[in-house]
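# Close look at the chain arrangement
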Amino acid sequence: CHNPPCGTGAVDGGLERAENFKKVLDVFFDGSYPQMAKSPSIPPPQVGSSPITSSPQAGSFSIDLSLEPPADSSPSAESTAIAPEGWYSDFNAQWLLGKCVNKAPIPSGKVTFETGVECCEKAYANQASGACLNSLPHTPSTPSDMLLVTPPQTLQTTLKPVFLPSGTPSSGLSTHISDSTHQPISSTSEAGTIIHSKNFIEIDSALESVKAEIDSKIFLYKTPGSQWVPSTVYRYNDFIESLQIMASEGVAGKKFYIGDSNVENGHVYGLVNIAAFLAQSMKETIQYDACDENSWDLVGGKYPLSNACGQLGQSYQDYHCSPEEAHMECPVDPNMSITGVTHAKWYGAPGPMFCGPKTNDQPFSGFWDHLYECNKGWANPPESCSDYEGQKAGRYDQSMTYANTAGRTDVEGCCWWGRGVIQTSGVCNFGKLNYYLGAGAKQEGRTSKYPELDFCKDPEVICASSEYKELKWIAGEFYWMESVQSYNEGGWDYTTELRKFVDGGMIGTGFIDGVSGIVNRGCHNPPCGTGAVDGGLERAENFKKVLDVFFDGSYPQMAKSPSIPPPQVGSSPITSSPQAGSFSIDLSLEPPADSSPSAESTAIAPEGWYSDFNAQWLLGKCVNKAPIPSGKVTFETG
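Now for a quick tour of the structure. Here, residues in each chain are numbered from 1, in the same order as that chain's written sequence. The model is predicted, so local features are restricted to residues of pLDDT at least 70 and side-chain atom pairs to those at 80 or more, both for listing and for counting; the totals for chains, interfaces and linings are taken over all residues. Working from all heavy atoms in the structure, the side-chain values ignore hydrogens and water.

Turning next to the overall build of the protein chain. Scanning the protein chain from terminus to terminus reveals 15 helices and 19 strands. Partly exposed describes any residue whose relative accessible area lies between the buried limit of under 20% and the exposed limit of over 50%, with all areas from a 1.4 Å probe on protein chains only and scaled to the type maximum. Put simply, the protein chain has 638 residues, and 44% of those count as buried. By definition in these notes, contact holds between two residues if any of their heavy atoms fall within 4.5 Å. A fraction of 65% describes how many contacts in the protein chain between residues 6 or more apart in sequence connect residues 24 or more apart. Residue burial considers only the protein chains on display, and all accessible areas are found by Shrake-Rupley using a 1.4 Å probe. Accessible surface computed for the protein chain: about 32800 Å², of which carbon and sulfur atoms make up 54%. For helices the rule is a DSSP run of H or I covering at least 4 residues; for strands it is a run of E covering at least 2, with both sets numbered from the N terminus onward.

Quick look at the structure:
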């Protein structure tokens, strides 16, 4: 009924349902409710009820984020009645304008918090306006040289990356800094200087303007039903937290590259570096929604449990550091027992990897039987799948010895499988993380970001920590700084090639192909030693997707760039545009007047159609030209 209690009692969670309704409306209408043709005039909000000023557009508003109270906002007796039990969310206003209060009495069913700041962080996480925090009483207890990294104090209005013309004063930049849940950063420190730099602010502003698209278009994984949905493991907020740390503080004198502050639009170099990093991450882990390495090396139709020790013949505990860095690596503890927290999700997929000592009862390791049907409710006694949540089939089988590709038949000391967004693995890499970022530094009297975390005793903290969710990103960014940004072999220098790619108009796949080789095979020009790149085409496609999200398909022209030549007539449906690097798409079906097919273009590939990624991804097309490039996936029709 519409007016409970009626028959079955009062409404369950009525307040929560109402709050949900307001949140959805604010997302749909961005806080600006339209006035319908037959609606009576919408009365303006009461003075002092929320920080809204009138607007000539029906239902629209603007937000006053100044800290001065309205002239007539002297507290009433009701507003000064304090609730000693704590602070709670006040959802009478729109969610974008919601705030936390500690008025008495506290409404029935309200969740309370000890402080107003805690209430704002929990009840209004990622509130773009910052209205909740700004509504709290402000006390000058924070030292003036400390930057408290909190939700934005100004409303972000930038919708896409801003490319400033020469001479634009830096005072016009947004000073929004992404949310941080950890220690404040001194504005006079090196990290504080970087965070306040024009370059960092432009990077942060650009990413914030497309954060919804990053979560909904880039951080996607493929479900067992072949649908692409947002990842549950990799989210924008954790990523931006990690980027702030690694770009401003870094590790061992190395920082995540965010561009060149001495060049107009120099932050674009940084955005392309981030795009290359995310492109590799999408291939390595994000598409699987996994933080822990999945067991995927199939041996004789089964998945050896000793894949935790290494797959494809590898042995992660034998990945030692160089003699100069040997003091950093983790010792192998045969008594260590760890179970991963993520795993593959397809029907019958192997459960999470685990390690542990050999025992008298279990002196060997078996295999995962992905064909076993564990859902047998009709059996006597009934059977169910219980190895992991959502399991549909498969089971651990420890009844017989089963070796992995390298011949390993136990999981003792095998706790060093890949973790994080680019699968940090081996005793050397985890040791370096601990030496620079974790307890290893504290033990030697050095400062570190996570002095209480011992990555050698618990490498799984990278995936399992609920307090430091950014770790899964930081592990990958540390690898990126150590192995990719610093790569300079055979005349191929990463930073130089990145700049050439950007200055040349971001054309072609040469740069990202080289990066893919470094990440997947250890060299920029595979095959080299370990073979050809795995998924090179997919990594290049990922790169184009990220660039198109970052730049909305319109790549900026750098100050020192040569003029970007217009596309050749007939090569793609692009019309010229006066803005450097921008374009418009002609979707008409009429061919250009001079687009008569050449002999090459009419050579048909009978095997089928394939994607042609020579153009920007946003303008990519499918062709059936012969010969079909090696490794291309083909389709029956265009």
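Here the narrative resumes, following the displayed structure.
What follows deals with the state of the cysteines. Two cysteines form a disulfide when their sulfur atoms are joined by a covalent bond. Cysteine sulfur atoms are paired as a disulfide whenever they come within 2.5 Å of each other. Summed over the entire model, instances satisfying the criterion amount to nine disulfides. The disulfide bridge from C120 ends at C132, spanning 1.9 Å between sulfur atoms. For the disulfide bridge between C120 and C132, the dihedral angle about the S-S bond is near -80°, and by the sign convention the bridge is left-handed. Placement of the pair is C120 in helix α2 (residues 116-123) and C132 in helix α3 (residues 131-135), with a sequence separation of 12 residues. Note on cysteine connectivity: C309 is disulfide-linked to C414, with sulfurs 2.0 Å apart. Because the sign of the S-S torsion sets the handedness, a value of about 90° for the bond joining C309 and C414 places this disulfide among the right-handed ones. In this pair, C309 is assigned in the loop between β9 (303-304) and β10 (338-339) and C414 in the loop between β13 (395-397) and α9 (426-437), connecting sequence segments 105 residues apart. Taken as a pair, C309 and C414 share a single burial class, namely buried.

Throughout this description, the term nonpolar core refers to a set of buried Ala, Val, Leu, Ile, Met, Phe, Trp, Tyr and Cys residues connected via side-chain atoms within 4.5 Å. Within the largest apolar cluster, 94 residues are counted, with the highest numbers of intra-cluster contacts made by L207, F239, V272, W480, F511, F543 and F550. Here this core takes 11 residues from helix α8 (residues 267-284), the largest share from any one element. With near-sequence residues (within four places) excluded, F239 lies in contact with L207, F219, I274, F277, L278, W473 and E477. With 10 residues, the next largest nonpolar core counts W87, F113, Y124 and L133 among its residues.

As for its position among the elements, E460 is in the loop between α10 (439-443) and α11 (461-464). Apart from the residues within four sequence positions on either side, E460 is in contact with D292, I338, T339, G340, V341, W417 and R419.

Let's shift gears to the sheet that holds strand β12 (residues 367-369). Any two strands with at least two DSSP-identified bridges between them are counted as paired. Ordered in space as β9-β12-β13, the three strands form an open sheet in which the pairing is antiparallel. What marks the edges here is a single partner per strand, and that holds for β9 and β13. The pairing of β9 with β12 spans two bridges and is classified as antiparallel. If you follow P304 over to β12, its bridge partner there is F367.

What follows is about the environment of G340. Looking at where G340 falls in the secondary structure, it is placed in the loop between β10 and β11 (354-355). Residue G340 is classed as buried on the basis of its relative accessible area, which comes to 11%. Taking the C-alpha atoms as reference, G340 lies 9.2 Å from R419; in sequence the two are 79 residues apart. Not counting residues within four places of it along the chain, the set of residues in contact with G340 comprises D292, P352, M353, W417 and E460.

With that out of the way, let us pick up helix α12 (residues 471-484). The length a helix should cover is 1.5 Å for every residue beyond the first. If you check α12, its first and last C-alpha atoms are 19 Å apart, about what 14 residues at 1.5 Å a residue would give, namely 20 Å. Within α12, 11 of the 14 residues are buried, which leaves the element mostly enclosed by the surrounding structure. Listed in full, the buried residues belonging to α12 are L471, K472, W473, I474, A475, G476, E477, F478, W480, M481 and V484. On its buried face, α12 sits against α7 (236-248), α8, α9, α11, α13 (494-503) and α14 (510-521).

With that out of the way, let us pick up the side chain of K472. Tracing the backbone shows K472 in helix α12. Buried and unpaired, K472 has no salt bridge, with D238 as the nearest side chain of opposite charge at 4.5 Å. Only 3.0 Å separates the side chain of K472 from the backbone oxygen of K469, close enough to count as a polar contact. In this view, K472 contacts V233, Y234, C291, G420, V421 and I462; residues no more than four positions away in its chain are not counted. Counted as positive: Lys and Arg. Counted as negative: Asp and Glu. His and the chain ends are not counted at all. Just to be clear on terms, a salt bridge is a Lys or Arg side-chain nitrogen sitting within 4 Å of an Asp or Glu carboxyl oxygen. Polar contact is the term for a pair of N or O atoms within 3.5 Å; when the atoms are in protein, one must be able to donate a hydrogen and the other to accept it, and sequence-neighboring residues count only if both atoms are side-chain atoms.

This part takes up the pattern of salt bridges. Pairing is possible between side chains that carry opposite charge, provided their charged atoms lie close to one another. One pass over the full model with this rule turns up 18 salt bridges. Put simply, E118 and K122 hold a salt bridge, and the shortest N to O gap is 3.6 Å. With a gap of four residues between them, E118 and K122 both fall in helix α2, about one helical turn apart. Relative accessible area serves as the criterion here: at 55%, K122 is assigned to the exposed category. Here D410 and R408 are joined by a salt bridge, their closest N and O atoms 3.0 Å apart. Residue class for D410 comes out buried when judged on its relative accessible area of 11%. Look at the salt bridges and you will find they share partners, linking K254, E325, K432 and E482 into a network.

With that settled, the discussion passes to a nonpolar patch on the surface. Think of a patch as exposed residues, more than 30% relative accessible area, with no salt bridge, where like charges cluster within 9 Å and nonpolar side chains (Val, Leu, Ile, Met, Phe, Trp, Tyr) cluster within 5 Å. Taken together, the side chains of V24, V27, F28 and F29 make up a nonpolar region of the molecular surface, amounting to roughly 420 Å² of accessible area. Along the chain, the position of F29 falls in helix α1 (residues 14-29). The class for F29 is partly exposed, based on a relative accessible area of 33%.

A pair of packed helices is characterised by two quantities: the angle between their axes and the separation of those axes. Working convention: axes come from line fits to C-alpha atoms, limited for helices to the stretch in contact. Angles between N-to-C directions cover 0 to 180 degrees. Here α8 crosses α14 at 50°, and the two axes come no closer than 11 Å. In terms of orientation, α8 lies oblique with respect to α14. Crossing of α8 over α14 shows right-handed handedness. When α8 is examined against α14, the residues V272, A276, Q280 and E284 are found in contact with a partner set consisting of F511, I512, V515, S516, V519 and N520. Residue composition of the contact of α8 with α14, by class: six nonpolar, three polar and one charged. Note that the term roughly parallel is reserved for angles under 35 degrees, roughly antiparallel for angles over 145, roughly perpendicular for angles of 65 to 115, and oblique for everything else. The sense of a crossing depends on the near helix, which, turned anticlockwise from the far helix by less than a right angle, makes the crossing left-handed and, turned clockwise, makes it right-handed. Each residue is assigned to one of three groups, with Ala, Val, Leu, Ile, Met, Phe, Trp, Tyr, Cys and Pro labelled nonpolar, Asp, Glu, Lys and Arg labelled charged, and all others, Gly among them, labelled polar.

Further remarks concern the environment of P357. Examined against the element boundaries, P357 turns out to sit in the loop between β11 and β12. Taking the C-alpha atoms as reference points, P357 and D410, 53 residues apart in sequence, are found 8.3 Å from one another. Not counting residues up to four positions away in its chain, the partners in contact with P357 are P334, N335, M336, S337 and E412.

Another point: the packing of aromatic side chains. Note on aromatic pairs: the rings of Phe, Tyr and Trp (six-membered ring only in Trp) are paired at centre separations within 6.5 Å, and the planes decide the class, stacked below 30 degrees, edge-to-face beyond 60, tilted for the rest. Counted under the stated rule, the structure contains 25 aromatic pairs. Centroid distance F354 to Y396: 5.6 Å. Interplanar angle 80°. Geometry classified as edge-to-face. Taken as a pair, F354 in strand β11 and Y396 in strand β13 lie far apart in primary sequence, 42 residues in all. The class of Y396 is partly exposed, set by a relative accessible area of 25%. Judged by centre distance (5.7 Å) and plane angle (45°), the ring pair of Y494 and F511 falls under tilted. With Y494 in helix α13 and F511 in helix α14, the pair connects residues that are 17 residues apart, well separated along the chain. The same class applies to Y494 as to F511, namely buried. The ring of Y221 has K345 sitting right over it, with the charged end atom 4.7 Å from the ring centre. Distance and angle both matter: a charge sits over a ring if NZ of Lys or CZ of Arg is within 6 Å of the ring centre and within 35 degrees of the ring normal. Stacked on the ring of Y372, the Lys or Arg R395 has its end atom at 3.8 Å from the ring centre.

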